[in-house]
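As a plain string of letters, each chain reads:
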Amino acid sequence: MKIDLKKLTASQHASIPFNETVDLREETLYGAKPFQSPVQISGTVSNESGILRLTGTIKTIYSTACARCLKPLDILLTAEVDTVLSDDPEAEEEDDLFVLTGDSVDPADVMVPALILQVQMTYLCKEDCKGLCPHCGADRNEVDCDCEKKQIDPRFAALRALLDSDEGEY
């Protein structure tokens, strides 16, 4: 949805509301396509005494997995955007500024990057998730497996045998 900014520049205190759904199902993030739910954006583009400002909210469900036990998770992601729209290409370095390339703006171009910045590298199903057993793969939240807690790497077994034999001598 493109918003024509010529209408806004004609009036000092005009605003144009927007509300749309964006399809990000093909967006790849960390090797997966986590945006399978619709992405809802809403807000306004306004002219505040000659300065164009885009404000709004973007939200969706982020589908991922627990970093420890791999259970599927659906996380509500929300981002608030408040940015100035400028046609000055030299102002690109400034924060909270979006450089326009024409006489219109697509709110999704401004708001989707703000949503992606809200994504964390890892999510947990619960704070004290015990994860999976590295040996048998059992979910430690549901089952106490019989695997030894401290497994020795077979490459270091000879060293462990030396340590065990030295303990009796002291």
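Residues numbered from 1 in each chain as written. Predicted model: local features only at pLDDT ≥ 70, side-chain atom pairs only at ≥ 80, totals over all residues. Heavy atoms only, no water.

Visitor: Tell me about the pairing of strand β4 (residues 51–65), residues and numbers included.
Guide: As paired elements, strand β3 (residues 39–48) and β4 share nine bridges and run antiparallel to each other. Residue G43 lies in a different strand from β4, and its bridge partner there is G56. The loop that links β3 with its antiparallel partner β4 comprises two residues; one of these, S49, has a positive phi angle of about 55°. As defined by bridge partners, β4 adjoins strand β5 (residues 72–86) across 14 bridges and the pair is classed as antiparallel. Looking at the pairing, I58 lines up with A79 of β5. Where β4 folds back on β5, the antiparallel hairpin that results is connected by six residues, among which L70 adopts a positive phi of roughly 70°. (Pairing = 2+ DSSP bridges. Helix = DSSP H or I, 4+ residues; strand = E, 2+ residues; numbered from the N terminus.)

Visitor: Lay out the layout of surface pockets in plain terms, naming residues and giving numbers.
Guide: Looking at the largest pocket, its volume works out to about 210 Å³. Lining the largest pocket are E80, V81, D82, T83, D96, L97, F98, V110, P113, A114 and L117. Counting only elements with at least two residues in the lining of the largest pocket, the list comes to β5, β6 (97–99) and α2 (107–116). Looking at side-chain class alone, the lining of the largest pocket contains seven nonpolar, one polar and three charged residues. (1 Å grid on protein atoms, 1.4 Å probe; cavity = no way out; pocket = protein on both sides within 12 Å on 5 of 7 lines; lining within 4 Å. Points joined across faces, edges and corners; volume = space filled by probe spheres on them. Nonpolar A, V, L, I, M, F, W, Y, C, P; charged D, E, K, R; others polar.)

Visitor: Describe the sheet that holds β6, naming the residues involved and giving the relevant values.
Guide: Two modes of strand pairing occur in sheets, parallel and antiparallel, and in both the strands are linked by backbone hydrogen bonds. A sheet is described by the order of its strands in space; here five strands give the open sequence β2-β3-β4-β5-β6, paired in mixed fashion. Lying at the two open borders of the sheet, with one neighbouring strand each, are β2 (15–22) and β6. Adjacent strand axes in the sheet meet at a mean angle of 30° when their direction is disregarded. Contacting β2, β3, β4, β5 and β6, α2 crosses the sheet at an angle of about 50° to β4. (Axes fitted to C-alpha atoms, helices over the stretch in contact; angles between N-to-C directions. Contact = heavy atoms within 4.5 Å.)

Visitor: Give me the pattern of salt bridges: which residues, what numbers.
Guide: On inspection of all chains with the given rule, the structure shows six salt bridges. Here D82 makes a salt bridge to R53, at a shortest N to O gap of 2.9 Å. In this pair, D82 is assigned in strand β5 and R53 in strand β4, connecting sequence segments 29 residues apart. On the accessibility criterion, R53 (23% relative accessible area) is partly exposed. Among the ionic pairs, K71 bridges to E142, the shortest N-O distance being 3.6 Å. Highlighted residues: K71 in the loop between β4 and β5 and E142 in the loop between α2 and α3 (157–167), separated in sequence by 71 residues. With a relative accessible area of 58%, E142 lands in the exposed category. Each of E48, R53 and D82 takes part in a single network of salt bridges with overlapping partners. (Salt bridge = Lys/Arg side-chain N within 4 Å of Asp/Glu carboxyl O. Buried < 20%, exposed > 50% of the residue type's maximum accessible area, 1.4 Å probe, protein only.)

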